[in-house]
Amino acid sequence: DTTGRMRADITKGGIRTSGLNINVKGGIEDIAGEDPQIKINGDMMASLDALRKFLPDTMNIITEGSLTAKLNGTLKSSDIGMYRFSNADLTGEVNGDGIKISMPDDTIDLKIDGLNVRLAPDYVTSKRDPSKSFRLMGITGDLTKADITFKNAFSFKGQNINFSAK
């Protein structure tokens, strides 16, 4: 690099196995600097049905359904933390359908249809001072249908569920 900064690039990387396909491109700029910048462009597809065969039968876990995910953007190493993550310039999405995870030995049963979760920066105007706005990292999503049970301690059932966290 002509600027004297060390950099590393991943032009094509991935993992492919029965039921799982992960692709990633990206890099790190100014590796030896005080605040390296990380670039990522990745996607993932998973078949929980196919991945189940990697679990020992003794675990007595049943998995079904499919998941896809994408993550794109940049962040600095200083952004990796709870109070600075909102500075990251990342967008992402996770989608799933027909998801079923059953662990009878632990009394866990989860069924989800129509999962869509999105990650993206958002701006919120201050209620005290409308001339100021704050950048936040937002997670929004919706589920078409959910049925979740954990032992006798927790049970949740719903349809057309929307959620948001910032």
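In this report, the structure presented in the accompanying data block is examined.

Rules used in this analysis
- Residues numbered from 1 in each chain as written.
- Predicted model: local features only at pLDDT ≥ 70, side-chain atom pairs only at ≥ 80, totals over all residues.
- Heavy atoms only, no water.
- Helix = DSSP H or I, 4+ residues; strand = E, 2+ residues; numbered from the N terminus.
- Buried < 20%, exposed > 50% of the residue type's maximum accessible area, 1.4 Å probe, protein only.
- Polar contact = N/O pair within 3.5 Å; in protein donor to acceptor, adjacent residues only side chain to side chain.
- Contact = heavy atoms within 4.5 Å.
- Salt bridge = Lys/Arg side-chain N within 4 Å of Asp/Glu carboxyl O.
- Core = buried A, V, L, I, M, F, W, Y, C linked by side-chain atoms within 4.5 Å.
- Pairing = 2+ DSSP bridges.

Let us look at the side chain of asparagine 116. Mapped onto the elements of the fold, asparagine 116 is located in strand β7 (residues 115–125). Overall, the relative accessible area of 13% leaves asparagine 116 in the buried class. A distance of 2.7 Å separates a polar atom in the side chain of asparagine 116 from a polar atom in the side chain of glutamate 93. For asparagine 116, the residues in contact, after removing those within four places along its chain, are Glu93, Val94, Asn95, Thr140, Gly141 and Asp142.

Our focus in this paragraph is the pattern of salt bridges. A side chain of one charge can pair with a side chain of the opposite charge when the charged atoms of the two come close. Applying the stated rule across the entire model yields 6 salt bridges. Residue lysine 39 pairs with glutamate 29 through a salt bridge whose shortest N-O separation is 2.9 Å. In this pair, lysine 39 sits in strand β3 (residues 37–47) while glutamate 29 sits in strand β2 (residues 20–29), placing the two residues 10 residues apart along the sequence. Residue class for lysine 39 comes out partly exposed when judged on its relative accessible area of 37%.

The next thing to look at is the nonpolar core. Formed by Leu48, Ile99, Ile112, Leu115, Leu143, Ala146 and Ile161, the largest nonpolar core amounts to 7 residues. Ranked by size, the runner-up nonpolar core spans 5 residues in total, among them Leu75, Ala88, Leu90 and Leu119.

Below, the discussion takes up the environment of leucine 67. Relative to the helices and strands, leucine 67 is located in strand β4 (residues 62–76). In contact with leucine 67, not counting residues within four places along its chain, are Met44, Met45, Ala46, Leu48, Val94, Asn95, Gly96, Ile99 and Leu115.

Okay, the pairing of β3 next. As judged from the 10 bridges shared by β2 and β3, these two strands associate in the antiparallel manner. Across the sheet, residue glycine 27 finds its bridge partner in β3, namely lysine 39.

On to unusual backbone geometry. The backbone phi angle of asparagine 60 is positive, close to 55°, even though this residue is not glycine. Tracing the backbone through its elements, the reader meets asparagine 60 in the loop between α1 (48–51) and β4. Given the relative accessible area of 31%, asparagine 60 is considered partly exposed. If you check the backbone angles, lysine 151 has positive phi at about 50° while not being a glycine. Structurally, lysine 151 is set in the loop between β8 (133–150) and β9 (154–165). Of the residues examined, lysine 151 reaches a relative accessible area of 42% and is grouped as partly exposed.

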